[in-house]
Structures are given as C-alpha cells and as structure tokens.
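# Structural overview for review
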Amino acid sequence: EQIKLPKAAIPLLAAGIAGIIISYGIYSSGPAKFNVDLSVTGRTITGSVMRGEISEYKEMNLEPNSVLKSGDFFKINIKIEQSTYYYLVLQDSHGIYTLLSQGQVNSDDILTFPDQSNWYELDNKKGIETIILIASDNIIENFESKMKKLKRMQLRDLFAEAVIKEFSFKHE
C-alpha cells in the first residue's frame, strides 16, 4: 500500500532532505582544499674559485628530481591562495626532519625561505632532499610531537586535515 502525504508536506520533506545533504557536506568535507604553490630555486657555482672568491653563480627554478651538488644553494618559494597557517619542514638527505618555519600567511602572500638575500647551502651528505609544506585552516595542535612521529607514520595520516605539498631534489 502506498503512503499518501498531504500536498503541503512534500515541500517540507524535500527541504528537510536538502538541509541534511547540505549539513553533511559542510561538516564532513574532509581536509582543507585550496591551492598551494611550492617551488625551489637552485643556485650553482659556474665560475672558477680563485683566492677564495667565487666569480659567478647560476640560478634556476628546479624541477622535481633536479640535481644540486654539495656546496650548491637553494631557496624555497611559497604562495597560498587564502589566509592559512603553514608549517615548512625539510627532510634532509640524512632522513632528519627539521621545522624551517611556521606561521600564518595572508591570501596571495608570497613567502621566500630563508629570505630574499640568503640561501640554504647543501652539506656533504648526498641523497634526496625533500621540502614539505603543510597548510591548514587552523593551528595544528601538538605539531612538534607529531613531527617526532614522522619516521613511523605517514604525513597524510598525521596531518589528515591539512593540504600537503612535497618537493624533492637530488643532492649529489
């Protein structure tokens, strides 16, 4: 037997179902979703070294898996399209995680690390260098203690509600 509803109840029922669907979408939307641009600039010595002075450098935008050598330099550039909290981490060729910077960024700000005039210099330990940017709508509670778990747990498991970008290059 069919259930008969009064005509006035049908729009109310439809509105109720729509409200449930919208609420579900808002409260279970998962991780933050916004665009993050992470790029790395490399700087290599192209001239000769005489009397301790280096004559020339070449700068280039690195592609993933580009190669830099011990003694070369790099700089990290970040642009996030909305105001957010960020955490910038380096996993060096030793496998050690280091928090390079954290803070809050405004919409469309461009950040450069270490800063406009300085560079990170590669040591003599060869391997893969990975830069990790973690961006979140909210401050990540206990971030330092979560970083200590990185060797045992996956990034995406530790920071499930964040946007994560990684960039790796070879250190030869």
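Below or above, wherever it landed, is the structure these notes cover. (Residues numbered from 1 in each chain as written. Predicted model: local features only at pLDDT ≥ 70, side-chain atom pairs only at ≥ 80, totals over all residues. Heavy atoms only, no water.)

## Regarding the packing of aromatic side chains
- Taken as a whole and assessed by the stated rule, the structure comprises 6 aromatic pairs.
- The interplanar angle of 50° and the centroid separation of 6.0 Å between the aromatic rings of Tyr86 and Phe113 together place this pair among those described as tilted. One end of the pair, Tyr86, is in strand β7 (residues 84-91); the other, Phe113, is in strand β9 (residues 110-113), and 27 residues separate them in sequence.
- Classification of Phe113 by relative accessible area gives buried; the value is 9%.
- Here a set of aromatic residues connected by ring pairs shows up, and it is made of Phe74, Tyr120 and Phe169.
- One residue, Arg43, lies across the ring of Tyr57, its end atom 3.6 Å from the ring centre.
- Over the aromatic face of Trp119 sits the side chain of Lys75, whose NZ or CZ is 4.5 Å from the ring centroid. (Phe/Tyr/Trp six-rings, centres within 6.5 Å; stacked < 30°, edge-to-face > 60°. Helix = DSSP H or I, 4+ residues; strand = E, 2+ residues; numbered from the N terminus. Buried < 20%, exposed > 50% of the residue type's maximum accessible area, 1.4 Å probe, protein only. Lys NZ or Arg CZ within 6 Å of the ring centre and 35° of its normal.)

## What about unusual backbone geometry?
- Residue Phe113 is joined to Pro114 through a cis peptide bond whose omega torsion reads 10°.
- With respect to the element layout, Pro114 can be found in the loop between β9 and β10 (120-121).
- Of note, Asn65 is a non-glycine position whose phi angle comes to about 70°, a positive value.
- Mapped onto the secondary structure, Asn65 falls in the loop between β4 (57-61) and β5 (67-68).
- Taking the relative accessible area as the measure of exposure, Asn65 reaches 47% and is therefore partly exposed.
- Even without being a glycine, Asp108 presents a positive backbone phi close to 65°.
- The topology assignment puts Asp108 in the loop between β8 (97-105) and β9.

Read these as spatial facts, not as claims about activity.
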